[in-house]
Amino acid sequence: MPLEIQTDAAVRSLLKQGKTVYAPVVTSKDTMEFYTVGSEDELGCLHKNHWGIPEPKRCGEEMLAEGVDVVVTPGLAFDRCGRRLGQGKGYYDRYFERLRKRGLDPRLIGFCLDEQASSFRMLKPAVIELLFLLQIVKEVPTGEDDACVGTIVTPSRVLACKQDVN
């Protein structure tokens, strides 16, 4: 089961509107860059990296962050202050820090489900216990290098985050 919301439909919609869409590509053990997804056909040809995350081919155009208005940011959980819990590798946080150092500040939008089945286990034959992970939680623990989102979008609501993060 995926732990983060699937964005295929949103990406397809943006491409149909003629928007330029970029997707993350892990380029080294601690670096992530963004490359174009040029068409719906190309979206169907993404290859999965060693974590199983679909990535565009690196032969596409690399994103020049100066022209980016919005970055859709996945997460396992968010709180109402915009703090996000990712997968723990820090790729997005390091990328956003690089943007900030260049004086760039695109709007960060967290994309998540209201709740989802995050795991399951067999208790007895034919009995499955579903454990639900609420993705909008009271507080997400963060460090000083963690980036916060300004808006959280779920299938049922859009939340403006309080920006009183310490």
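The rules behind the values
- Residues numbered from 1 in each chain as written.
- Predicted model: local features only at pLDDT ≥ 70, side-chain atom pairs only at ≥ 80, totals over all residues.
- Heavy atoms only, no water.
- Helix = DSSP H or I, 4+ residues; strand = E, 2+ residues; numbered from the N terminus.
- Contact = heavy atoms within 4.5 Å.
- Pairing = 2+ DSSP bridges.
- Axes fitted to C-alpha atoms, helices over the stretch in contact; angles between N-to-C directions.
- Polar contact = N/O pair within 3.5 Å; in protein donor to acceptor, adjacent residues only side chain to side chain.

Looking at this structure, I do not really get the side chain of D93. What am I missing?
Positionally, D93 belongs in helix α3 (residues 91–101). Apart from the residues lying within four places of it in its own chain, the contact partners of D93 are R84, R100, D145, D146 and A147.

Which parts of the structure should I look at to understand the sheet that holds strand β13 (residues 158–160)?
Backbone-to-backbone hydrogen bonds pair the strands of a sheet. The strands run either parallel or antiparallel. Spatially, four strands are ordered β5-β8-β12-β13 in an open sheet, and the strand pairing comes out mixed. Whereas interior strands pair on both sides, the edge strands pair on one side only; in this sheet they are β5 (70–74) and β13. On average, adjacent strands in this sheet sit at an angle of 25 degrees to one another, irrespective of strand direction. For β5 and strand β8 (residues 107–111), the ladder comprises five bridges, and the chain directions are parallel. Each bridged residue has a counterpart across the sheet, and for V72 the counterpart in β8 is I109. Contacts from α3 reach β5 and β8, with the element oriented near 160 degrees to β5.

Looking at this structure, how should I read the side chain of R84?
Tracing the backbone shows R84 in strand β7 (residues 84–85). Within the local environment of R84, its side chain forms a polar contact with the backbone oxygen of P74, the two atoms lying 2.8 Å apart. Setting aside residues up to four positions removed in sequence, R84 forms contacts with T73, P74, G75, A77, F78, Y92, D93, V140, T142 and A147.

Would you explain the sheet that holds strand β6 (residues 77–79) in this entry?
The strand order β7-β6-β11 describes an open sheet built from three strands, whose pairing is mixed. Only two strands of the sheet have a single neighbouring strand rather than two, namely β7 and β11 (136–137). Relative to β7, β6 is paired through two bridges, and the arrangement is antiparallel. Considered in β7, the bridge of F78 is made with R84.

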